[in-house]
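Observations on the three-dimensional arrangement
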Amino acid sequence: MKNAIHCCNKGFTEVDPQQLPLYCPQPEMSRWNGHPRVFLKIEETGEARCPYCGTLYVLKGGPLKKAAVH
């Protein structure tokens, strides 16, 4: 995925698929207790924005591929 995504010049936080399920705030954030923990759906679109703090998360490798349904 290109690093062309920017919001208000703040950039984004890249998330590895092994870190799923995604939630905000992350423990390493300086304001980890600044708002309630919220789980974010990032798997289908490859991007998610926290409704509380506005942090933009981008999934490494883009959206996850769905398994084929037989």
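Residues numbered from 1 in each chain as written. Predicted model: local features only at pLDDT ≥ 70, side-chain atom pairs only at ≥ 80, totals over all residues. Heavy atoms only, no water.

Our next topic: the overall build of the protein. Within the protein, the secondary structure is distributed over zero helices and five strands. When the elements of the protein are put in sequence order from the N terminus, they spell out β-β-β-β-β. Per-residue burial over the protein gives 30% buried out of 70 residues. Long-range contacts, defined here as pairs at least 24 residues apart, represent 36% of the contacts in the protein between residues at least 6 apart. Approximately 5400 Å² of the protein is accessible, and the part contributed by carbon and sulfur atoms is 52%. (Helix = DSSP H or I, 4+ residues; strand = E, 2+ residues; numbered from the N terminus. Buried < 20%, exposed > 50% of the residue type's maximum accessible area, 1.4 Å probe, protein only. Contact = heavy atoms within 4.5 Å. Areas by Shrake-Rupley, 256 points an atom, 1.4 Å probe, with all protein chains shown as cover.)

Across the protein, pLDDT averages 82, with 76% of residues at or above 70. Throughout residues 1-9 the model reports pLDDT below 50, and contacts reaching past four residues in sequence, or to other chains, amount to eleven contacts. (pLDDT = per-residue confidence, 0-100.)

Residues of strand S5 (residues 56-59) alternate between two faces, with Leu56 and Val58 on one and Tyr57 and Leu59 on the opposite face, all of them buried. Here strand S4 (residues 47-49) runs beside S5; their pairing, made up of three bridges, is antiparallel. If you follow Arg49 over to S5, its bridge partner there is Leu56. Where S4 folds back onto S5 in an antiparallel hairpin, the turn is made up of six residues, including Gly54, whose phi is positive at roughly 85°. (Pairing = 2+ DSSP bridges.)

Turning our eyes to something else, we now look at the packing of aromatic side chains. Using the criterion set out here, one finds one aromatic pair in the structure. Cation over ring: Arg37 sits above Tyr23, and NZ or CZ is 4.0 Å from the ring centre. (Phe/Tyr/Trp six-rings, centres within 6.5 Å; stacked < 30°, edge-to-face > 60°. Lys NZ or Arg CZ within 6 Å of the ring centre and 35° of its normal.)

Moving on, we come to the sheet that holds strand S1 (residues 13-15). Spatially, three strands are ordered S1-S5-S4 in an open sheet, and the strand pairing comes out mixed. Two strands in the sheet have a free side with no partner beyond their single neighbour: S1 and S4. Along the sheet, successive strands turn relative to each other by an average axial angle of 25°, direction set aside. (Axes fitted to C-alpha atoms, helices over the stretch in contact; angles between N-to-C directions.)

To continue, consider the pattern of salt bridges. If you walk through the whole model with that rule in mind, you get one salt bridge. Taking the shortest distance from any N to any O, the salt bridge between Lys60 and Asp16 comes out at 4.0 Å. One end of the pair, Lys60, is in the segment after S5; the other, Asp16, is in the loop between S1 and strand S2 (22-24), and 44 residues separate them in sequence. On the basis of relative accessible area, Lys60 is assigned to the partly exposed category, the value being 39%. Among the residues examined, Asp16 registers a relative accessible area of 25% and is labelled partly exposed. (Salt bridge = Lys/Arg side-chain N within 4 Å of Asp/Glu carboxyl O.)

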